[in-house]
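A closer look at the structure
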Amino acid sequence: MTALFDWLAQILGILAAVLAAPLFLGWVNQCRAWLQNKSAPSILQPYRGIRKLFHKDAVIAANASQLFRLAPYMVFGAMVTAAAIIPSVATRLPFTQAADAIALVGLFATARVFVSLAAMDVGTAFGTLGARREMMIGFLAEPALLMIIFVASLISATTALPRISELLATQSLALYPSLAFTAVAFTMVLLAENARIPIDNPATHLELTMIHEALLLEYSARHLALMEWAAALKLFNYVCIGFALFVPWGLATSQAPLALALSSLFLGAKLVLAGAGIALIETVSAKLRVFRAPEFLATAFLFAVLGLLVRLLLGT
Amino acid sequence: MNMTALPFDLQLLNTLAALLLLLSFAMLSQRRIVTLINLLAVQGALLCIATLLLAWRTGAGHLYLSAGLTLALKVIFLPWLLHRLIRKLGVYWDTEPLLNTTGTMLVGVLIVVFSFGLAQPISALASTATRNSIGIAVAVVLIAFLTMITRRKAMSQVVGFLSMENGLFFGAMSATYGMPMIVEFGVALDVLVAMLVLGVFFFQIREQFDSLDLQHLESLKEDQ
Amino acid sequence: MSSTLTFVVLLGTPLLGALVLGLTGGKRWAPNLNVAFSLLTFLAACALTSNIITHGNVVLMQEQFFIDAFNVFLVTLTAFVGLTTALFSRPYMRIEVEHGRVNSAQLRLYHSMYQLFMATMLIALTTNNLGLMWVAMEAATLSTVLLVTLYRTPASLEAGWKYFILCGVGIAQALFGTILLYFAAEKILGAEGVGALLWTHLNVVKAQLEPAVLSLAFVFLLVGYGTKVGLAPLHNWLPDAHAEGPTPISAVLSGLLLNVAMYAVVRCKVLVEGSLQSSLPGRMLMGFGLLSVVLAAFFLWRQRDAKRLFAYSSIEHMGIITFAFGMGGPVANFAALLHMTVHSLTKSAIFFAVGHATQKAGSQLMDDIRGLITLSPTVGWGLMMGSLAILGMPPFGVFASEFLILTTAMKQQPWATPILLLALGVAFAAIFSRVQPMVFGETTAKRLPHPPALVPVFTHLALVLMLGLFIPPYLADWYRAAARLIGGH
């Protein structure tokens, strides 16, 4: 009976994550509009965009291969899998047991490979350019992300995300300079990986600067919808990993319905704050030239390494 | 979890140590001299807080004195003096460092690892509660040294020099809860005089070269 | 007169002198006042010495200062060379003023800093507190930085900047070494650290100090103070600072400051060797020493500036002294102490002569200095004899000390002897081939407005000659006592 309930809760959790991801994106966009003194789009705008795209007919370039058609499903699938295993609400659900942090990094890398390959598939200049930039950023961001995970796993002696969260959430409150450094690094990686300012501007189609949009230029209709949805999910996933590593308080460690409900409330509150935070960062910082992106990510890497060193030196 | 056993003030001290290390890296990468001086002042302030905490923890009266000294000299007077100097001399930016920023940072990380190794035997022998910070102090000193090596402007080198002194001070505090008072006063006096001498010196350099770029100071070579 | 009173006079005179000359140093009679203060310091040093000879070592002022055989001889030497240099600088600075290179404000700075420099060196020599020693060493650098840049020429500013930064960084390493020393000592001598940095206390417990920490500390101390000694490869500041400052400052930097830094290294070495019970510190000293000798000998060939030439010669001789202290043992230490004395006297005499020579020629380039012997026979002979003395020609004292060092090396470190001999030979050829045309040869230069100060030159050379022929028994006893104190393998 409990097993059945666990599975039910797990499936509900995945559905909730997949459905809530565009809402989170909508919230970030709304906050950003507010902060920039613009009239905000509706918080539901991402849903409308996705629905509209699903109703259109897909146009595919004549020379596109099967890979091009396959990629959106692969990417979306990877993101849903990630959403399933990240302990965003509870740490003891069936899938979350598989949430090894390094496996997660691999999952994101798989999605990236497909996106990039698909972008180059048609052979347009923009697709290739976007793919190249995407790979460069991934190549720089992944070491930083791994370093961040190493610090967390050094503290908790495990790379399993739910164990890390449990350990950090249950012990008495302590100052962890190493975690503070890695949190900064993680925020920077999050911005870079999700094509936010200062690395990319999600609101622009300016050819010379775009990365994410360039990748999707050849997609239309349901493929594009899936890709956009996957991007929203990716942001959501990243934010949830951040919660699991750095602010794990409120995570349910049991499967009692009450605990799960409470934990969902906590997650909602944290998402609201995180969305506002991301919007704030995006508002106060200016977009960097693409050539400065390595510097930005090197700084993130440095922060993570400093966290690691501080952990080793001070034991904190 | 060894961390939970630590009392809060020690956690705070460790955090301060970590922040000092972070500041060293910030100084290593910073090219605006005004910001560099502000970072130096922040470093001094962190040092002052750490000293106060340690004084409170150990009840050692001389640490209060040295905290006061740090506050007066390194947080207030020297940054003020340096700000005044750059306003008068009109040097605001350092030129591109000799090695690019990312490269310098990587060297900095290596330095931290090296300092860790260097400080390990000392930390193992130390009996102070802050012994873990010795490695960080060594790293701060060596990174300040790196800052001095990679900069061209005299002003940045001087800030590096002062940052090095801060690191040494922090090292003395972590390893032994500070040096005897008479020595600390002497060191503070030397630093103060050094800065005053430098002030005079800078004006002489400027008068001669119309710039504080040390490239002008590279004519004395062996084969001349 | 009690030791304390003498001691207060010894340190108080230059400090007071710095203050008084800081107010009046630009006046016409200020050089005489400078000499008077230096003379008083020297007399106090002599009185203190006779006290030590009759009563033995003393510890003063709550143990912050102490005098033993090792430092009292350096104190006397410092005060003596301080006095003769003050005598030399009297006409020298007057000529500089007349040539318009120095104005009255600069003269005031010069006189005040000169006295302050003497004071810091005397404090560094006599303090018992290793922390205070560091402070005094740093103060010695600071008081001379503005003297090196006295002429405000681009080259002198560059030299001053190098001097400041390199010695500043070096001395910061020494501070770290001192902290480590304190760290090790505090474990044995108690946390409240009453005696934890006092050399006399440390010397008693040196065998109990943690060897791992002390060896690390010694590396930092050697690099730190070694920078000030001018040991290769940390010697870069030295030739520039010597060449670009006023010549009296070159004389005291070379003749005194290097000795004081050497003294600091040796004091630390005694402690470290006692803790380590091995010859590691000695081997490090020998390594740095040999490197300096060899490097300096070959760099001598490339010099065209007279003062740089002799600055490199100083590096060479500091290398020899470092090597001798590294070998350790009564004979080598004795020889090293003797060499410190004779080098100090000879080198300052040479700088006096070179100073007047450059004033006559109006240039420091050796190609411009010609025919000193016809122009001013005394300066010419002074330079010639000084150079022969520093090159280790018998019967001068340098010969005696170098001979002792070489024979000891032959016995203890045979591998090093050929290297030393080769370097000495190269240095000989380099310096002699440069000095010969400077002294003999044709010239058209004019006479100087003031008669050159020749008493200091020939007093020093006479003393060096005397030390080569005969070392007074009390002086020899003194060296032996100091050599025993330094010990080593």
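Residues numbered from 1 in each chain as written. Chains lettered and ligands numbered in written order. Predicted model: local features only at pLDDT ≥ 70, side-chain atom pairs only at ≥ 80, totals over all residues.

**Thoughts on the overall build of chain C**
Summing up its helical and strand segments, chain C has 19 helices and two strands in all. By its C-alpha atoms, chain C is 70 × 55 × 45 Å across when sized along the principal axes. Within chain C, contacts between residues separated by at least 24 positions form 82% of all contacts whose residues are at least 6 apart in sequence. (Helix = DSSP H or I, 4+ residues; strand = E, 2+ residues; numbered from the N terminus. Contact = placed C-beta atoms within 7 Å.)

**Here's the deal with the overall build of chain B**
In terms of helices and strands, chain B carries seven helices and zero strands. Element order for chain B, N to C, with α for helix and β for strand: α-α-α-α-α-α-α. The buried share among the 224 residues of chain B stands at 50%. Of the contacts made within chain B by residues no fewer than 6 positions apart, 75% connect residues no fewer than 24 positions apart. (Buried ≥ 20, exposed ≤ 12 C-beta atoms within 10 Å, placed from the backbone.)

**Quick look at the arrangement of the chains**
By contact count, the leading pair among the two pairs of chains in contact is chains B and C. A minimum C-alpha distance of 19 Å separates chain A and chain C, which share no contact.

**A few points about the packing of helix 1 (residues 8–29) of chain B against helix 2 (residues 33–58) of chain B**
Between two packed helices, what matters for the description is the angle formed by their axes and the separation of those axes. All names here are of chain B. Contact pair helix 1 / helix 2: the axes reach a minimum separation of 10 Å and the direction vectors enclose 165 degrees. Put simply, helix 1 runs roughly antiparallel to helix 2. Once helix 1 is placed against helix 2, the crossing between them reads as left-handed. Across the interface between the two elements, Asp9, Leu12, Leu13, Leu16, Leu19, Leu20, Leu23, Ala26 and Met27 from helix 1 touch Leu36, Leu39, Val42, Gln43, Leu46, Ile49, Ala50, Leu53, Leu54 and Arg57 from helix 2. Of the residues in the contact of helix 1 with helix 2, the class split is 16 nonpolar, one polar and two charged. (Axes fitted to C-alpha atoms, helices over the stretch in contact; angles between N-to-C directions. Parallel < 35°, antiparallel > 145°, perpendicular 65-115°, else oblique. Left-handed = near helix turned anticlockwise from the far one by under 90°. Nonpolar A, V, L, I, M, F, W, Y, C, P; charged D, E, K, R; others polar.)

**Re the interface of chain B and chain A**
Interface size is commonly expressed as the accessible area that is lost once the parts come together. Taken together, the contact between chain B and chain A spans 23 residues of the former and 17 residues of the latter. Breaking the side of chain B that touches chain A down by element, the ones donating at least two residues are helix 1, helix 4 (101–125) and helix 5 (133–150) of chain B. Considering every element that reaches the side of chain B that touches chain A, the biggest residue donor is helix 1 of chain B, with nine residues.

**Let's talk about helix 9 (residues 237–244) of chain C**
Residues and elements named next belong to chain C. Among the eight residues that make up helix 9, eight are buried, leaving the element largely enclosed by the rest of the structure. The complete set of buried residues in helix 9 reads Trp237, Leu238, Pro239, Asp240, Ala241, His242, Ala243 and Glu244. On its buried face, helix 9 sits against helix 5 (130–148), helix 6 (154–189), helix 10 (247–276) and helix 12 (306–327).

**Examining the packing of helix 9 of chain C against helix 12 of chain C**
Residues and elements named next belong to chain C. Put simply, helix 9 and helix 12 touch, their axes get as near as 8 Å, and they point 140 degrees apart. Relative to helix 12, helix 9 is oriented oblique. Note that helix 9 runs across helix 12; the crossing there is right-handed. Between helix 9, through Leu238, Pro239, His242 and Ala243, and helix 12, the contact on the second element is made entirely by Lys307, Arg308, Ala311, Tyr312 and Ile315. Taken together, the residues of the contact of helix 9 with helix 12 sort by class into six nonpolar, one polar and two charged.

**Side note on the environment of Arg48 of chain A**
Residue and element names in this part refer to chain A. Within the secondary structure layout, Arg48 lies in helix 2 (residues 45–54). By the C-beta count within 10 Å, which is 13 here, Arg48 ends up partly exposed. For the pair Arg48 and Pro22, spaced 26 residues apart in the sequence, the C-alpha separation amounts to 9.8 Å.

**A few points about the nonpolar core**
Ala144, Ile148, Val189, Phe236 and Ala304 of chain A together with Leu21 of chain B are the most contacted members of the largest nonpolar core, which has 374 residues in total. Ranked by residue count, the leading element in this core is helix 6 of chain C, at 22 residues. Dropping the residues within four chain positions of it, Ala304 of chain A is found in contact with Ala144, Met147, Ile148, Val151, Thr182 and Ala185 of chain A. (Core = buried A, V, L, I, M, F, W, Y, C linked by C-beta atoms within 7 Å.)

**Focus: the confidence of the model for chain B**
Overall, the predicted model of chain B reaches an average pLDDT of 81, with 89% of residues at or above 70. Across chain B, the element-wise mean pLDDT spans from 79 in helix 7 (residues 181–209) of chain B up to 89 in helix 2 of chain B. (pLDDT = per-residue confidence, 0-100.)

**Notes on the interface of chain C and chain B**
Chain C puts 36 residues into the contact, and the matching count from chain B is 37 residues. Counting residues per element, the ones that place at least two in the side of chain C that touches chain B are helix 5, helix 6 and helix 8 (211–229) of chain C. Per-element accounting of the side of chain C that touches chain B gives the leading share, 17 residues, to helix 6 of chain C. Considered class by class, the residues forming the side of chain C that touches chain B number 23 nonpolar, six polar and seven charged.

**Some words on the environment of Ala98 of chain A**
Residues and elements named next belong to chain A. Mapping Ala98 onto the fold places it in the loop between helix 3 (66–85) and helix 4 (101–121). C-beta crowding within 10 Å serves as the criterion here: with 14 such atoms nearby, Ala98 is assigned to the partly exposed category. Taking the C-alpha atoms as reference points, Ala98 and Ile85, 13 residues apart in sequence, are found 6.3 Å from one another.

**Examining the confidence of the model for chain C**
Mean pLDDT for chain C: 86, with 97% of residues reaching 70 or above. Confidence estimates for the predicted assembly give a pTM of 0.83 and an ipTM of 0.85.

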